[in-house]
Amino acid sequence: MKTTLYFERRSSMKKEIREKLEGVLEKNLDRLKEDDLEDVDRKDLARETTDLLVVLNNDEEAAMKAEADRARCELEREKTQTMAMTEAKKSQFSWLRFGTELAGCLIPMLVGAKIYKNRQTDLLKFEENGHLTTTAARQLPGIGLFGEKLPKGRK
């Protein structure tokens, strides 16, 4: 609360000083338009006017720079808050994320188990029948190429 009041007073004082400077500049420019001034007075008045213009321009540049810095800081603060919220959401437990990670592990295991079960079944049928029943097994060299059948196994 105190800092806000301080900045409000400071900005109102700056506005007041700026208005006074602009008033002095207008008076100086009006006096420079008059022809009855001596050369020395005219030079002093012109020098004072240019000095006041420089002060006014420097104040404007400083205000613009301060505003740009303030805006940049606000953007960085918002970016930091957004990143912190994103990181907090990532670290928070989620059933959906847990389920997808679990499915990512279990699905390949189940597919592998299914393939292994099929191969084991085919091998057991081979032991019963004496010949391989899968297409891939029939194409093995020495068995499927010449149409040979393996002898029947023990019963």
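Fair warning: this is a prediction, and the values are worked out from it, not measured in the lab.

Chemist: What exactly am I supposed to notice about the packing of aromatic side chains here?
Modeler: When we look at a pair of aromatic rings, we describe it by the centre distance and by the angle of the planes. This model, assessed by the stated rule, comprises three aromatic pairs. Ring centres of F93 and F98 lie 6.0 Å apart, and the angle between their planes is 45°; on these two criteria the pair is classed as tilted. Taking relative accessible area as the criterion, F93 reaches 54% and is therefore assigned exposed. Put simply, the rings of F93, W95 and F98 pair up and form one aromatic cluster.

Chemist: Help me understand a negative patch on the surface, please; the structure alone is not making it clear to me.
Modeler: Together, E26, D30, E34, D35 and D36 make up a region of like negative charge exposed at the surface. Tracing the backbone through its elements, the reader meets D36 in the loop between α1 (2-33) and α2 (39-91).

Chemist: I would appreciate a short explanation of α2 in the present structure.
Modeler: Along an α-helix, residues three or four apart share an orientation, since each turn contains 3.6 residues. With 53 residues, α2 should cover 78 Å at 1.5 Å per step; its first-to-last C-alpha distance of 77 Å lies within 8% of that length. For α2, the full list of buried residues reads L45, T49, L52 and L56.

Chemist: Which parts of the structure should I look at to understand the environment of R97?
Modeler: Considering the arrangement of structural elements, one finds R97 in helix α3 (residues 95-129). Leave out the neighbours within four places in its chain, and R97 touches K89, K90, S91 and Q92.

The rules behind the values
- Sequence order sets the numbering: in each chain, residues are counted from 1 along the sequence as written.
- Only residues with pLDDT of at least 70 get local features here, since the model is predicted, and only at 80 or more are side-chain atom pairs given and counted; chain-wide, interface and lining totals rely on the full set of residues.
- Just so you know, side-chain values use all the structure's heavy atoms and leave hydrogens and water out.
- Note on aromatic contacts: the rings of Phe and Tyr and the six-membered ring of Trp form a pair at centre separations within 6.5 Å, being stacked when their planes are under 30 degrees apart, edge-to-face when over 60 apart, and tilted otherwise.
- Classification of residues uses two cut-offs on accessible area relative to the type maximum, computed with a 1.4 Å probe and protein chains only: under 20% is buried, over 50% is exposed, and between them is partly exposed.
- Each patch is built from residues lacking any salt bridge and having more than 30% relative accessible area; the joining distance is 9 Å for like charges and 5 Å for nonpolar side chains (Val, Leu, Ile, Met, Phe, Trp, Tyr).
- Surface exposure here means Shrake-Rupley accessible area, sampled with a 1.4 Å probe, where a residue is shielded only by the protein chains that are shown.
- Basic side-chain nitrogens of Lys or Arg form a salt bridge, by our definition, when they fall within 4 Å of a carboxyl oxygen of Asp or Glu.
- In this count, Lys and Arg are taken as positive residues and Asp and Glu as negative ones, while His and the chain termini are left out.
- Note that the charge is assigned to NZ on lysines, CZ on arginines, CG on aspartates and CD on glutamates.
- Strands are runs of DSSP state E lasting at least two residues, helices are runs of H or I lasting at least four, and both sets are numbered from the N terminus onward.
- By this rule the span expected of a helix is its residue count minus one, scaled by 1.5 Å.
- The contact rule is simple, with two residues in contact once any of their heavy atoms fall within 4.5 Å.

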